[in-house]
Amino acid sequence: MAKIKSIVYQPEGRRYADPFGDFMRVQVDSAELVSDHGIRGDHKAGRSKSRQVNLLTSDWLEEMEESGYRTAPGEFGEQIVVEGVRFSELKTGLRLAIGKSAIIELTKPRTGCERLEAAQGKPIPTPIKAAIGFMATVIAGGPLRAGDEVRILTSDPA
C-alpha cells in the first residue's frame, strides 16, 4: 500500500533572510489540502494554478541520499513524500487520492534550479535536474496525515 511518508510546509509569515538558504520547511503530522489552493497556511499556497503541491517519492529520495544529498523532510523543497509508489509510475495528468477525501493532479514535472543547488550546498547533475518529482494541483481538498493511504486513480473520479 502506498502512503504519505512526510508532510512539510513553509508557514505563512516566515521569510528567507537568504533567498538561497534552506527551504525553511516545517514537518507536521497532519495538514489540510484546500481545493485549487494548496496546503492551508503554506506561504506559497494559492500563488500558482499549476504549482499548488510539490510531491516527491521516497524511492527517488533514497537514490539522492545514496548520492550524498540531504534528504530529511523538506530539504528538496517538497511538501509531500509518498512511499510505496515508484517515481517511474507517475506522469503528468495522473490523479492521486490521498487520505479520505483529497485528490491531487500531477500537472508538470518539477525541475532543479540554482535555489535547490544552493539549499543542498552542491550541484544537481543535469539528468537529475530534469526530474525532481512533480508539481500538482488540488482537485479536492481534505485532511492529510502522515501514514494516510495514497491511491493512483485510473480515471476521473467524478
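Residues numbered from 1 in each chain as written. Predicted model: local features only at pLDDT ≥ 70, side-chain atom pairs only at ≥ 80, totals over all residues. Heavy atoms only, no water.

## Looking at the overall build of the protein chain
Rules: Strands here are runs of E lasting at least two residues and helices are runs of H or I lasting at least four, both read from the DSSP assignment and numbered beginning at the N terminus. Any residue under 20% of the maximum accessible area for its type is buried, any over 50% is exposed, and the rest in between are partly exposed; the area is computed with a 1.4 Å probe on protein chains only. Contacts between residues were defined by any pair of non-hydrogen atoms, one from each residue, lying within 4.5 Å. Residue burial considers only the protein chains on display, and all accessible areas are found by Shrake-Rupley using a 1.4 Å probe.
Within the protein chain one finds three helices and 11 strands. What you see in the protein chain, going N to C, is helices and strands ordered as β-β-β-β-β-α-β-β-β-α-α-β-β-β. Here the protein chain holds 158 residues, and the buried ones make up 47% of them. If you take every contact in the protein chain between residues at least 6 apart in sequence, the share linking residues at least 24 apart comes to 72%. Carbon and sulfur atoms form 48% of the exposed surface of the protein chain, whose accessible area is close to 7,900 Å².

## Here we look at the environment of Gly-74
By secondary structure assignment, the location of Gly-74 is in the loop between helix H1 (58–66) and strand S6 (80–83). A residue is classified by how much of its surface remains accessible, and Gly-74, at 5% relative accessible area, is buried. Counting along the chain gives 49 residues from Gly-74 to Arg-25, while the straight-line C-alpha distance between them is 5.4 Å.

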